[in-house]
Amino acid sequence: MRKNLPIILIRVIVGLVFLTEGILKLVYPSELGWGRFAHIGLPLPHLLAPFVGVVEIAAGGALILNLYAGDAALLLLIVILTAILTTKAPILLGHSLGRFSPPKLDHYGLLSFIHEARTDLCMLFGLVAVLLDSGMKLGLRKH
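Residues numbered from 1 in each chain as written. Predicted model: local features only at pLDDT ≥ 70, side-chain atom pairs only at ≥ 80, totals over all residues. Heavy atoms only, no water.

S.K.: Quick rundown of unusual backbone geometry? Include the residues and the values.
M.R.: A positive phi angle is found at L44, which is not glycine, with a value near 45°. Residue classification places L44 among the exposed residues on the basis of a relative accessible area of 60%. Backbone geometry at N66 places phi at a positive 60°, although glycine is not the residue there. With relative accessibility at 45%, the residue N66 sits in the partly exposed group. (Buried < 20%, exposed > 50% of the residue type's maximum accessible area, 1.4 Å probe, protein only.)

Structure follows, in structure tokens:
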């Protein structure tokens, strides 16, 4: 148990964050669901936001319960990489990335990106840790 405790803690906190964010997308749709997706410039926000919310709830719960954790981490990796690309990459660049514009900030560039993306980066690295632990999607099955 002690050996597995670090990855258990990572799975629980990453799963809890995604589970909560998925619920919030459904409970406050105009603020955190379709409204936010429309503001960001994502297509079909009224369909995409609830879909992403349900994926976050299901995959976040799967991480917490360690049910198909590798598969859940892959789904959530798509979600977090999309979030970073659409909302944080423009901050790093200091200008729009296609249809995705940076928010109004006092500073842009690497330090602002790291500051604004700190939670996203933690989720990203946590998901990578779960994937590495599961080994199944990387052809590294444990024996």
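Now that the structure has been shown, we can carry on.
S.K.: I'd like to hear about helix α7 (residues 118-134), residue by residue, with values.
M.R.: Between its first and last C-alpha atoms α7 spans 24 Å; for 17 residues at 1.5 Å apiece the expected length is 24 Å, and the two agree. Considered for burial, the residues of α7 that qualify are D120, L121, M123, L124, G126, L127, V130 and L131. On its buried face, α7 is in contact with α1 (5-27), α4 (45-65), α5 (69-93) and α6 (110-116). In the stretch just after α7, G135 is the one whose phi turns positive, near 65°. (Helix = DSSP H or I, 4+ residues; strand = E, 2+ residues; numbered from the N terminus. Expected span 1.5 Å × (residues − 1). Contact = heavy atoms within 4.5 Å.)

S.K.: Help me get a handle on the environment of P103, residues and values and all.
M.R.: Tracing the sequence through the fold places P103 in the loop between α5 and α6. When its relative accessible area of 37% is taken as the criterion, P103 is described as partly exposed. Along the sequence, P103 and I91 sit 12 residues apart, while their C-alpha atoms lie 7.4 Å from each other. Not counting the four nearest positions on each side in its chain, P103 is found in contact with T87, I91 and Y108.

S.K.: Explain the layout of surface pockets to me, using residue names and the numbers behind them.
M.R.: Space inside the largest pocket adds up to approximately 580 Å³. Lining the largest pocket are 26 residues, and of these K25, F37, E56, V79 and A83 sit closest to its centre. By residue number, the principal contributor to the lining of the largest pocket is α5, which donates 9 residues. Its residues assigned to classes, the lining of the largest pocket comprises 16 nonpolar, 4 polar and 6 charged. Space inside the second largest pocket adds up to approximately 260 Å³. If you trace the second largest pocket, you find 13 residues lining it, with R36, I40, T87, S101 and P103 closest to the centre. Elements that contribute at least two residues to the lining of the second largest pocket include exactly α3 (34-40) and α5. Top element by residues in the lining of the second largest pocket is α5. It accounts for 4 residues. Counted by class, the lining of the second largest pocket contains 5 nonpolar, 4 polar and 4 charged residues. (1 Å grid on protein atoms, 1.4 Å probe; cavity = no way out; pocket = protein on both sides within 12 Å on 5 of 7 lines; lining within 4 Å. Points joined across faces, edges and corners; volume = space filled by probe spheres on them. Nonpolar A, V, L, I, M, F, W, Y, C, P; charged D, E, K, R; others polar.)

S.K.: Any chance you could break down the packing of α1 against α7 for me, citing the residues and the numbers?
M.R.: With their axes 10 Å apart at the nearest point, α1 and α7 run at an angle of 130° to one another. As far as their axial angle goes, α7 and α1 are oblique. As for how α1 packs across α7, the hand of that crossing is left-handed. Residue-level inspection shows I7, I10, R11, V14, V17 and F18 of α1 in contact with α7, the latter providing M123, G126, L127, A129, V130 and D133. Tallied by class, the residues present in the contact of α1 with α7 amount to 9 nonpolar, 1 polar and 2 charged. (Axes fitted to C-alpha atoms, helices over the stretch in contact; angles between N-to-C directions. Parallel < 35°, antiparallel > 145°, perpendicular 65-115°, else oblique. Left-handed = near helix turned anticlockwise from the far one by under 90°.)

S.K.: Which residues make up the environment of L131, and what values go with them?
M.R.: By the secondary structure assignment, L131 is in helix α7. Distance in space between the C-alpha atoms of L131 and I57 is 18 Å, their sequence separation being 74 residues.

Everything listed here is a matter of geometry and, on its own, says nothing about what the molecule does.
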